[in-house]
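Chains, contacts and geometry: an overview
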Amino acid sequence: MNTIDDRDDREHSPEDVDMDPAVLKRLTEVVQSRGGAAQVCVLRRGVPVLDRSFGCAPDSLFLLYAATKPFAALTVHLLAERGLIGLDEPVAAYWPEFARHGKGDVTVRHVLQHRAGVPAGRGMVRTMRTATDWQRSVRDLEESRPRWAGGEVAAYHFMSYGFILGELVQRVTGRTFRDVLTSELFAPLGLDDLHPGLPDEAWGRHVPARAGHPSEWPNQWMSNRRSYRQAVIPSAGVSGTAAQLARFYQMLLEGGTLDGIRILRPESVAEARRPSNDGETDASLKRPVRWAHGFMLGGPGADPRDLSGVMGGKSDRATFGHAGTTSSVVWADPSRELVFAYLSNIQPEFGAGIGRLREVSDLVLDACVAH
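Residues numbered from 1 in each chain as written. Predicted model: local features only at pLDDT ≥ 70, side-chain atom pairs only at ≥ 80, totals over all residues. Heavy atoms only, no water.

Describing the nonpolar core
Within soluble globular proteins, side chains that are nonpolar generally end up buried alongside one another. In terms of nonpolar packing, the biggest core is built from 75 residues, with Phe-71, Val-91, Leu-165, Phe-248, Tyr-249 and Leu-252 touching the most fellow members. Those residues within four positions of Tyr-249 in sequence are excluded, and the remaining contacts are Pro-70, Phe-295, Phe-320, Gly-321, His-322, Val-330, Trp-331, Ala-332 and Val-339. Counting residues in each nonpolar core, the second largest holds 37 residues, with Leu-27, Val-49, Leu-307 and Leu-338 among its members. (Core = buried A, V, L, I, M, F, W, Y, C linked by side-chain atoms within 4.5 Å. Buried < 20%, exposed > 50% of the residue type's maximum accessible area, 1.4 Å probe, protein only. Contact = heavy atoms within 4.5 Å.)

Quick notes on the packing of aromatic side chains
Counted by the stated rule, this structure contains 13 aromatic pairs. Ring centres of Trp-95 and Phe-98 lie 5.1 Å apart, and the angle between their planes is 45°; this geometry places the pair in the tilted category. There is no split in this pair, since Trp-95 and Phe-98 are both buried. Centroid distance Trp-134 to Phe-163: 5.3 Å. Interplanar angle 80°. Geometry classified as edge-to-face. Placement of Trp-134 in helix H5 (residues 134-143) and of Phe-163 in helix H6 (residues 160-173) is noted, with a sequence separation of 29 residues between them. Here the two residues Trp-134 and Phe-163 agree in accessibility, since each one is buried. These aromatic residues form a ring-pair network of at least three members: Phe-71, Phe-186, Phe-248, Tyr-249, Phe-295 and Phe-320. (Phe/Tyr/Trp six-rings, centres within 6.5 Å; stacked < 30°, edge-to-face > 60°. Helix = DSSP H or I, 4+ residues; strand = E, 2+ residues; numbered from the N terminus.)

Thoughts on the side chain of Glu-216
Locating Glu-216 in the fold gives a position in the loop between strand S5 (210-211) and helix H8 (217-223). In this structure Glu-216 is buried but unpaired, with Arg-287 as the nearest side chain of opposite charge at 10 Å. When near neighbours in sequence (up to four residues on either side) are disregarded, Glu-216 contacts Ala-211, Gln-347, Pro-348, Glu-349 and Phe-350. (Lys, Arg positive; Asp, Glu negative; His and termini not counted. Salt bridge = Lys/Arg side-chain N within 4 Å of Asp/Glu carboxyl O.)

A closer look at the pairing of strand S1 (residues 38-44)
The side chains of a regular strand alternate, residue by residue, between the two faces of the sheet. In terms of burial, S1 is largely enclosed, as 7 of its 7 residues are buried. On S1, burial covers both faces: Ala-38, Val-40, Val-42 and Arg-44 on one face and Gln-39, Cys-41 and Leu-43 on the other are all buried. Looking at chain direction, S1 and strand S2 (residues 47-54) are connected through 7 bridges and run antiparallel. Paired with Gln-39 across the two strands is Ser-53, which belongs to S2. (Pairing = 2+ DSSP bridges.)

Considering the sheet that holds strand S3 (residues 62-63)
On the basis of which strands lie adjacent, the open sheet formed by 3 strands has the order S3-S6-S4 and antiparallel pairing. Two strands lie at the open edges of the sheet, namely S3 and strand S4 (194-196), each paired on one side alone. Across 3 bridges, S4 lies against strand S6 (residues 238-240) in antiparallel orientation. Pairing of Pro-196 across the sheet is with Val-238, part of S6. Contacting S4 and S6, helix H7 (residues 177-186) crosses the sheet at an angle of about 160° to S4. (Axes fitted to C-alpha atoms, helices over the stretch in contact; angles between N-to-C directions.)

Quick word on the sheet that holds strand S11 (residues 328-333)
As summarised here, the arrangement of the 6 strands in space is S2-S1-S12-S11-S10-S9, forming an open sheet in which the pairing is antiparallel. The two strands at the open ends of the sheet, each matched to only one other strand, are S2 and strand S9 (296-297). When S1 meets strand S12 (residues 338-344), the two strands line up antiparallel, connected through 7 bridges. Bridge pairing in S12 places Leu-43 opposite Val-339. Across the sheet, helix H1 (residues 21-33) touches S1, S2 and S12, and the angle it forms with S2 is around 20°.

Examining empty space enclosed by the protein
Tallied over the full model, the rule gives 3 cavities of 30 Å³ or more. One number sums up the size of the largest cavity: a volume of about 80 Å³. Looking at the largest cavity, the residues that line it are Ala-120, Gly-121, Arg-122, Thr-127, Thr-130, Ser-137, Asp-140, Leu-141, Met-159, Ser-160 and Phe-163. Secondary-structure elements contributing two or more residues to the lining of the largest cavity are H5 and H6. The greatest single-element share of the lining of the largest cavity, amounting to 3 residues, is contributed by H5. (1 Å grid on protein atoms, 1.4 Å probe; cavity = no way out; pocket = protein on both sides within 12 Å on 5 of 7 lines; lining within 4 Å. Points joined across faces, edges and corners; volume = space filled by probe spheres on them.)

Comments concerning unusual backbone geometry
Even without being glycine, Lys-286 reaches a positive phi, approximately 60°. Following the sequence through the fold, Lys-286 ends up in the loop between helix H11 (266-273) and S9. Lys-286 gets classed as exposed once you look at its relative accessible area, which sits at 52%.

Brief notes about the environment of Arg-10
On the secondary structure map, Arg-10 appears in the segment before H1. Measuring from C-alpha to C-alpha, the distance between Arg-10 and Arg-290 comes to 34 Å, with 280 residues separating the pair along the chain. If we skip the residues at most four places from it in the chain, Arg-10 touches Pro-48, Asp-51 and Pro-58.

So, the side chain of Arg-52
Positionally, Arg-52 belongs in strand S2. Within the structure, the side chain of Arg-52 is placed 2.6 Å from the side chain of Glu-11, a separation counted as a polar contact. (Polar contact = N/O pair within 3.5 Å; in protein donor to acceptor, adjacent residues only side chain to side chain.)

Regarding the pattern of salt bridges
It is possible for side chains bearing opposite charge to pair when their charged atoms get close. Across all of its chains, the model carries 26 salt bridges by this definition. A salt bridge links Glu-184 to Arg-82; the shortest N-O distance between them is 3.0 Å. Linking Glu-184 in helix H7 with Arg-82 in the loop between helix H2 (69-81) and helix H3 (108-112), this pair joins segments that are 102 residues apart in sequence. Between Arg-171 and Glu-142 there is a salt bridge, with the nearest N and O atoms lying 3.7 Å from each other. Of this pair, Arg-171 sits in helix H6 while Glu-142 sits in helix H5, placing them 29 residues apart in sequence. Since its relative accessible area comes to 33%, Arg-171 is described here as partly exposed. A single network of salt bridges, built from pairs that share partners, joins Glu-97, Arg-100, Glu-142, Glu-143, Glu-167 and Arg-171.

The following block contains the structure:
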């Protein structure tokens, strides 16, 4: 196990980008003390200052869970900038069957904001049971009855978020969601280890989930099934490494361009980051959340229940990213020119997990000696 003072070729000196190596060392100690497998990647001003693996290899593949959702959202923003999708158009304009049972006025923007009114389609149990079957999931959404009118209530759309956006992508392009995501967002940046559904040849590198609390045993059982890890599940099915995830967020931090390669227009990235609420209590999660149009948003606050805290209790309100359950988190802070990706296979109890993500995020923020 390397120490912060025994860095490899992937890392640069923290002092060169105004970061405190002692605080970053404390971060590695905290992550290592938690056991299990984990990866951590910290970029500042585009420079990697920490790129470590704990209990696994650098190319081990973690399930990103809900941190997958921004990818689904960004494929839609990409198609919007190309004029193929209008964010304020009804979903049914592209997918007529979605209008059934009173959903005709639900817009693409409502979905991006978790305000489509169908947070669990035809029920949570059925939603989870059909998550590996795209066609069944789509048919269930067509037959779902909204709990609220479109735009009325922010309620986290656990699985329906990705399937609605993913089906839109397929309807307007005539291509699979996997193909659009990988060929348009990942491949141009050389991100060949972000997988929307693990291919057979990558299976040997997957990291199994471990329940850290009895409440997480069902999640462990579900997410360790090969059928789940290999399915295309656009809300919670991408597997990848912390280093490649951080590189993707560096592209977003730079307005959609990285190493001279344009992926998205700056206006599209700004739209995805635009706040859609100011932290009211989410009707599904029963906790305060600041949503954008594809991301969770940060913001300073003392309330330990506030999900903005997963990006640090001292985070800037412009910070954007997403947690993956409460085992992992990735975010970018434009004000600090900072990207952080933390992936762990330990699934803690939900409330405790928020605190664990907040702890590591705050250490990264504390390591910034110049802001």
